[in-house]
Amino acid sequence: MSLNMIKKASVTLAATLVLSASAALAAGGGGPALKTQNWSFNGPTGTFDRAQVQRGYQVYSEVCAGCHSLKYVRFGNLPAIGFSEAEAKAIAAEFEAEDGPDDDGEMFMRPARLSDAMPSPFANDKAARASNNGALPPDLSLIAKARVGGADYVYSLLMGYSDAPEGHEVAEGMNYNAWFPGTQIAMAPPVSDDGVEYADGTAATADQQAKDVSAFLMWAAEPKLEDRHRTGLKTMIFLIILTILFWLVKRRVWKDAH
Ligand code: HEC
């Protein structure tokens with residue numbers, strides 16, 4: 001391959017990358033602009049606000065868990081957001097998990113333990129659809145990473161319900177939400193003012209609950225975010241020191257070259 005060909009190929013490759021990246025961004029931006037929030041976990045040094053994530057768990061367990069599972073989150077993960085092990089055990093015991101088969105070959109329900117995932121309240125997908133106007137409430141474990149916009153998308157969706165604009169037909173049992181792809185969603189607005197009573201006394205406005213549960217779902221989807229940020233920062237510091245060392249060595253090596 002000649003040098004010219006390599007140059008041409010690399011320009012084409014770069015152009016393709018730029019175009020596909022902007023296409024991916026555009027695909028996520030179908031709805032109105034996201035209601036972006038100033039999350040504590042944003043930026044290279046961001047961390048989860050433990051109190052917020054705990055409140056978010058409270059909203060999840062009292063409201064969202066009525067329809068959505070979190071099958072990749074175990075009750076035993078709760079101490080990572082500041083619950084004690086005893087608290088996590090007590091929380092788990094409020095849920096039921098399927099176990100078995102017993103000696104008669106039957107599956108049975110028992111209080112959940114730390115090793116159990118946060119279960120779906122429905123026996124199966126058909127039962128879930130039957131209770132939700134035909135729509136399946138998705139597992140929320142990874143939703144904050146699976147959707148463009150992450151926590152901002154979840155927040156915008158939760159706060160995004162409104163009356164349909166003039167000329168928009170909304171089907172029976174559906175709700176208008178400009179942030180949901182297609183603008184019609186089977187989920188009724190799940191958060192409302194004072195829908196929960198926060199254990200830490202924070203005023204439970206709908207907005208506060210939407211923020212808190214979005215932060216919780218971000219933690220659920222990326223529990224190692226803080227480790228990743230720490231590693232990134234250490235790597236940057238290491239590279240800066242290495243650059244300075246190389247620069248000093250270079251000065252020394254070239255000192256006598258005139
Ligand atoms: C009464 C049942 C119900 C409750 C309670 C509920 N949801 Fe949903 N949710 C659904 C259904 C059904 C869908 C699927 C909607 C559709 O496909 O039209 C859904 C979809 C979603 C989606 C997916 C949107 C997407 O991009 O696919 C998110 C995120 C979500 N719910 C978050 C929540 C949160 C957070 C809570 C608690 C604050 C909650 N839901 C409470 C039934 C529920």
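Owing to the predicted nature of the structure, the values given are computational and were not obtained by experimental measurement. (Residues numbered from 1 in each chain as written. Predicted model: local features only at pLDDT ≥ 70, side-chain atom pairs only at ≥ 80, totals over all residues. Heavy atoms only, no water.)

What follows covers the coordination of the iron atom of the ligand. The textbook angles at a metal center are 109.5 degrees for a tetrahedron of four donors and 90 or 180 degrees for an octahedron of six. The coordination sphere of the iron atom of the ligand, as far as protein atoms go, consists of His68 (NE2) and Met187 (SD), spread over 2.0 Å. Angles of 85 to 179° at the metal separate the six donor atoms of the iron atom of the ligand, which places the site in the octahedral class. Of the two residues, His68 is situated in the loop between helix H2 (50-62) and strand E1 (70-74) and Met187 in the loop between strand E6 (184-185) and helix H7 (206-221); the sequence distance between them amounts to 119 residues. The exposure class of Met187 is partly exposed, given its relative accessible area of 26%. (Donors = N, O, S within 2.8 Å, 3.2 Å for Na, K, Ca; no water. Tetrahedral: all angles 85-135°; square planar, octahedral: opposite > 155°, others 65-115°. Helix = DSSP H or I, 4+ residues; strand = E, 2+ residues; numbered from the N terminus. Buried < 20%, exposed > 50% of the residue type's maximum accessible area, 1.4 Å probe, protein only.)

Right, let's get into the packing of helix H6 (residues 151-158) against H7. Where H6 meets H7, the axes come as close as 9 Å, and the angle between the chain directions of the two elements is 150°. Taken together, H6 and H7 sit at an angle that is classed as roughly antiparallel. For the element pair H6 and H7, the recorded crossing hand is right-handed. For the pair H6 and H7, contact is made by Ala151, Val154, Tyr155 and Leu158 and by Asp207, Ala210, Lys211, Val213, Ser214, Leu217 and Met218, respectively. (Axes fitted to C-alpha atoms, helices over the stretch in contact; angles between N-to-C directions. Parallel < 35°, antiparallel > 145°, perpendicular 65-115°, else oblique. Left-handed = near helix turned anticlockwise from the far one by under 90°. Contact = heavy atoms within 4.5 Å.)

In this model, H2 (13 residues) spans 18 Å end to end at C-alpha, consistent with the 18 Å of a helix rising 1.5 Å per residue. Residues of H2 that are buried include every one of Gln52, Val53, Arg55, Gly56, Tyr57, Gln58, Val59 and Tyr60, and no others. Packing partners of the buried residues in H2 comprise E1, helix H3 (85-93), strand E4 (117-118) and H7. Sitting at the amino-terminal end of H2 is Asp49, which places a side-chain oxygen 3.2 Å from the backbone nitrogen of Ala51. (Expected span 1.5 Å × (residues − 1). Polar contact = N/O pair within 3.5 Å; in protein donor to acceptor, adjacent residues only side chain to side chain.)

Before going further, it helps to examine the packing of aromatic side chains. For the structure shown, the criterion picks out eight aromatic pairs. Plain terms: the ring middles of Phe41 and Phe48 are 5.4 Å apart, the flat faces sit at 50° to each other, and that makes the pair tilted. Accessibility expressed as a relative area gives 5% for Phe41, which makes it buried. Accessibility expressed as a relative area gives 6% for Phe48, which makes it buried. A centroid spacing of 5.9 Å and a plane angle of 80° characterise the contact between Tyr57 and Phe83, whose relative ring orientation is edge-to-face. On the criterion of sequence distance, the pair formed by Tyr57 in helix H2 and Phe83 in the loop between E1 and H3 is long-range, its members being 26 residues apart. Members of the aromatic cluster, each reached through a chain of ring pairs, are Tyr57, Tyr60, Phe83, Phe216 and Trp219. Over the ring of Tyr198 we find Arg55, and its NZ or CZ is 5.7 Å from the ring centre. (Phe/Tyr/Trp six-rings, centres within 6.5 Å; stacked < 30°, edge-to-face > 60°. Lys NZ or Arg CZ within 6 Å of the ring centre and 35° of its normal.)

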